[in-house]
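The chain contents come next:
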Amino acid sequence: MSSDSSLDQKLSALRAQIDEVDSELVKLLKKRSSVTRDIGRLKSEYAQPIYVPEREKALIEARRQQAEELGLSPDLVEDILRRMMRDSYHSQHAKYACVNPEIAKVVVVGGAGALGKVFVSLFEQSAYSVAVLDKAQWQNAEEILSDADLVIISVPINTTCDIIAQLPKLKSSCVLADVTSIKQAPLDAMMAAHSGPVLGLHPMFGPDAPGMIKQVVVVCDGRHSDQYQWLLEQMRLWGGSLYPSSAAEHDHAMAYIQVMRHFSTFVYGQHLQQENPKLSELIEFSSPIYRLELAMVGRLFAQAPELYADIIFSNKDSIALLKRFSQRFEMAIQLLEHGDKSAFVEQFKEAALWFGDYSKICLIDSKKMLLKADDSHLLRKIE
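Quantities reported herein were computed from a predicted structural model and do not represent experimental measurements.

A. Quick look at the overall build of the chain. Check the secondary structure of the chain and you find 15 helices and 7 strands. Counted over contacts in the chain with a minimum sequence separation of 6, partners at least 24 positions apart contribute 68%. With the model as given, the accessible surface of the chain reaches about 24000 Å², and the carbon-plus-sulfur share is 58%. For the chain, the distance from the average position of its 42 positive side-chain charges to the average position of its 50 negative side-chain charges is 3 Å.

What follows is the structure, encoded as structure tokens:
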């Protein structure tokens, strides 16, 4: 009993030290946050981008080296730094510089929608005058759009081309752009509807993103690219990573990145629903990697079905791709039925060869995600 009492006293003393150190860490985090806000204001004043990859890389490398010299885990330090930087990026972006003060008016068609609101917020944080045009204001569309310098179409995929075709005449210098997840059809529609500068954009993030920092935006040139370079520079300043592509290349890639992935996830989730296993057991019996995969399936079904239906149904060329996927799935089942393990191994090796070094990168990156996923799962269980 006395030994237990002694242990409790020693643990209490050590835990008190940990509490003291943790308290100091919180104060240091507050101090760091104040400094990053000052940096954000300075960057805004001098029109500098919030996210500078080279600076982030150099900072992490320096602190990793310091950790090694002190006998501390560099991975631990990097994890903490990345979490702090992620928070600081978003705490910095209360205000951005305005790249082109000559732009008197920005109109976001569909600006009351989820993604539209993100763009309205970003332009407003950059001191642009922004107007929203939605169904309720459509009878005043001609008046709202008559003096616009930039018009962004942010409406559901299935209505995008129709909305573009219904646009009243824009002034010749107005930049017309869309933010739809397909590009060829909207780009063609904009080119037909407007004689001025035209640009196709696909922000590769959802409306739950807090901004554009570290987010990819695919850029498809339309017409008079020199007249919308300011917009591209503005997105870079917001932290976006711009990737140029033709509309055809983009739509071909999206068949694999979006349509095939979302459709496969839909079928998997629907299959689980119809098989009706006990979901709580699937979660509890899963290791972190399987919980993470299950979480990605669950994430799909937490969102608007119309959005994913539009993405999947909008690209008719994807049907042939999905059929080929179905055929290969059946062929893989046949290997299983015939007990042809050697053929399975050979096909596995062929696929691994195609992925090359990227698979090794994925192994490293996924380990980091799995540790975080495991921590979050355990915390939820405790709560």
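B. View of the sheet that holds strand 1 (residues 106–109). Pairing is mixed in the open sheet, where 7 strands are placed in the order 2-1-3-4-5-6-7. Among the strands making up the open sheet, the edge pair consists of strand 2 (130–133) and strand 7 (241–244). On average, each strand axis in the sheet is tilted by 25° relative to the strand beside it, whichever way the strands run. Bridge count between strand 1 and strand 2: 4 bridges; the pairing is parallel. Bridge pairing in strand 2 links Val-108 to Val-132. Contacts from helix 4 (residues 114–125) reach strand 1, strand 2, strand 3 (150–153) and strand 5 (198–203) within the one sheet, and its direction differs from that of strand 2 by about 165°.

C. Up close: the pairing of strand 2. Burial of the side chains of strand 2 is restricted to one face: Ala-131 and Leu-133 are buried, whereas none of Val-130 and Val-132 on the reverse face is. Running through helix 4, the crossover from strand 1 to the neighbouring parallel element strand 2 is right-handed.

D. Quick peek at the nonpolar core. The biggest cluster of nonpolar side chains holds 42 residues, and the ones touching the most others in it are Phe-123, Leu-201 and Met-235. Here this core takes 6 residues from helix 4, the largest share from any one element. Excluding residues within four positions of it along the chain, Phe-123 makes contact with Val-106, Tyr-128, Val-130, Leu-150, Ile-152, Leu-231 and Trp-238. Within the second largest apolar cluster, 24 residues are counted, among which are Val-155, Ile-163, Met-190 and Cys-220.

E. Layout of empty space enclosed by the protein. The tally for this structure, following the rule as stated, stands at 1 cavity of 30 Å³ or more. The calculated volume of the largest cavity comes to roughly 50 Å³. Surrounding the largest cavity, Ser-181, Ile-182, Asp-251, Met-254, Gln-258, Val-259, Ile-311, Ser-314 and Asn-315 form its lining. If you list the elements that add at least two residues to the lining of the largest cavity, you get helix 9 (247–275) and helix 12 (305–314). Grouping the constituent residues of the lining of the largest cavity by class yields 4 nonpolar, 4 polar and 1 charged.

F. Expanded view of helix 4. Here helix 4 contains 12 residues, and its C-alpha end-to-end distance of 17 Å stays within 8% of the 16 Å for a straight helix at 1.5 Å per residue. Among the residues making up helix 4, those that are buried are Leu-115, Gly-116, Val-118, Phe-119, Val-120, Leu-122, Phe-123 and Gln-125.

G. How the structure looks around the state of the cysteines. A full pass over the atoms with the stated rule returns 0 disulfides. Cys-98 carries a free sulfur, and the closest cysteine sulfur to it, the one in Cys-174, is 16 Å from it. For Cys-98, a relative accessible area of 24% gives the class partly exposed. Cysteine Cys-220 remains unbridged, with the sulfur of Cys-161 as its closest cysteine sulfur at 14 Å.

H. Region of interest: a nonpolar patch on the surface. A surface patch of nonpolar side chains, about 390 Å² in accessible area, is lined by Leu-70, Leu-72, Leu-76 and Ile-80. Structurally, the position occupied by Ile-80 is in helix 3 (residues 74–92). Given a relative accessible area of 45%, Ile-80 falls into the partly exposed group.

I. Here's a closer look at the side chain of Thr-265. Within the secondary structure, Thr-265 sits in helix 9. Thr-265 has contacts with Met-296, Val-297, Leu-300 and Phe-301, leaving out every residue within four places of it along the chain.

J. View of the side chain of Lys-183. Within the secondary structure, Lys-183 sits in the loop between strand 4 (175–178) and helix 7 (184–193). At 2.5 Å, the side chain of Lys-183 and the backbone oxygen of Thr-180 are in polar contact. Engagement of the side chain of Lys-183 in a polar contact is seen with the backbone oxygen of Leu-201, the distance being 2.9 Å. Once residues within four sequence positions are removed from consideration, Lys-183 is found in contact with Asp-178, Gly-200, Leu-201, His-202, Cys-220, Ala-247, His-250 and Asp-251.

K. Representation of the environment of Leu-353 in the model. Summarising the element assignment, Leu-353 is placed in helix 14 (residues 341–355). Accessibility expressed as a relative area gives 71% for Leu-353, which makes it exposed. It is 54 Å that separates the C-alpha atoms of Leu-353 and Trp-138, two residues lying 215 residues apart in sequence.

L. Spotlight on the pattern of salt bridges. One pass over the full model with this rule turns up 12 salt bridges. Here Lys-214 and Glu-56 are joined by a salt bridge, their closest N and O atoms 3.0 Å apart. Taken together, the residues span a long stretch of sequence, with Lys-214 in the loop between strand 5 and strand 6 (216–223) and Glu-56 in helix 2 (residues 53–69) at a distance of 158 residues. Between Asp-147 and Lys-105 there is a salt bridge whose closest N-O contact spans 3.0 Å. Residue Asp-147 is located in the loop between helix 5 (141–145) and strand 3, and its partner Lys-105 is located in the loop between helix 3 and strand 1; the two are separated by 42 residues in the primary sequence. In the salt-bridge network here, residues are joined through shared partners; they are Glu-56, Arg-64, Asp-75, Glu-78, Arg-82 and Lys-214.

Calculation notes
- Residues numbered from 1 in each chain as written.
- Predicted model: local features only at pLDDT ≥ 70, side-chain atom pairs only at ≥ 80, totals over all residues.
- Heavy atoms only, no water.
- Helix = DSSP H or I, 4+ residues; strand = E, 2+ residues; numbered from the N terminus.
- Contact = heavy atoms within 4.5 Å.
- Areas by Shrake-Rupley, 256 points an atom, 1.4 Å probe, with all protein chains shown as cover.
- Lys, Arg positive; Asp, Glu negative; His and termini not counted.
- Charge placed at Lys NZ, Arg CZ, Asp CG, Glu CD.
- Pairing = 2+ DSSP bridges.
- Axes fitted to C-alpha atoms, helices over the stretch in contact; angles between N-to-C directions.
- Buried < 20%, exposed > 50% of the residue type's maximum accessible area, 1.4 Å probe, protein only.
- Right-handed = clockwise from strand over helix to strand, strands pointing away.
- Core = buried A, V, L, I, M, F, W, Y, C linked by side-chain atoms within 4.5 Å.
- 1 Å grid on protein atoms, 1.4 Å probe; cavity = no way out; pocket = protein on both sides within 12 Å on 5 of 7 lines; lining within 4 Å.
- Points joined across faces, edges and corners; volume = space filled by probe spheres on them.
- Nonpolar A, V, L, I, M, F, W, Y, C, P; charged D, E, K, R; others polar.
- Expected span 1.5 Å × (residues − 1).
- Disulfide = S-S within 2.5 Å.
- Patch = residues over 30% accessible without salt bridge, like charges linked within 9 Å, V, L, I, M, F, W, Y side chains within 5 Å.
- Salt bridge = Lys/Arg side-chain N within 4 Å of Asp/Glu carboxyl O.
- Polar contact = N/O pair within 3.5 Å; in protein donor to acceptor, adjacent residues only side chain to side chain.

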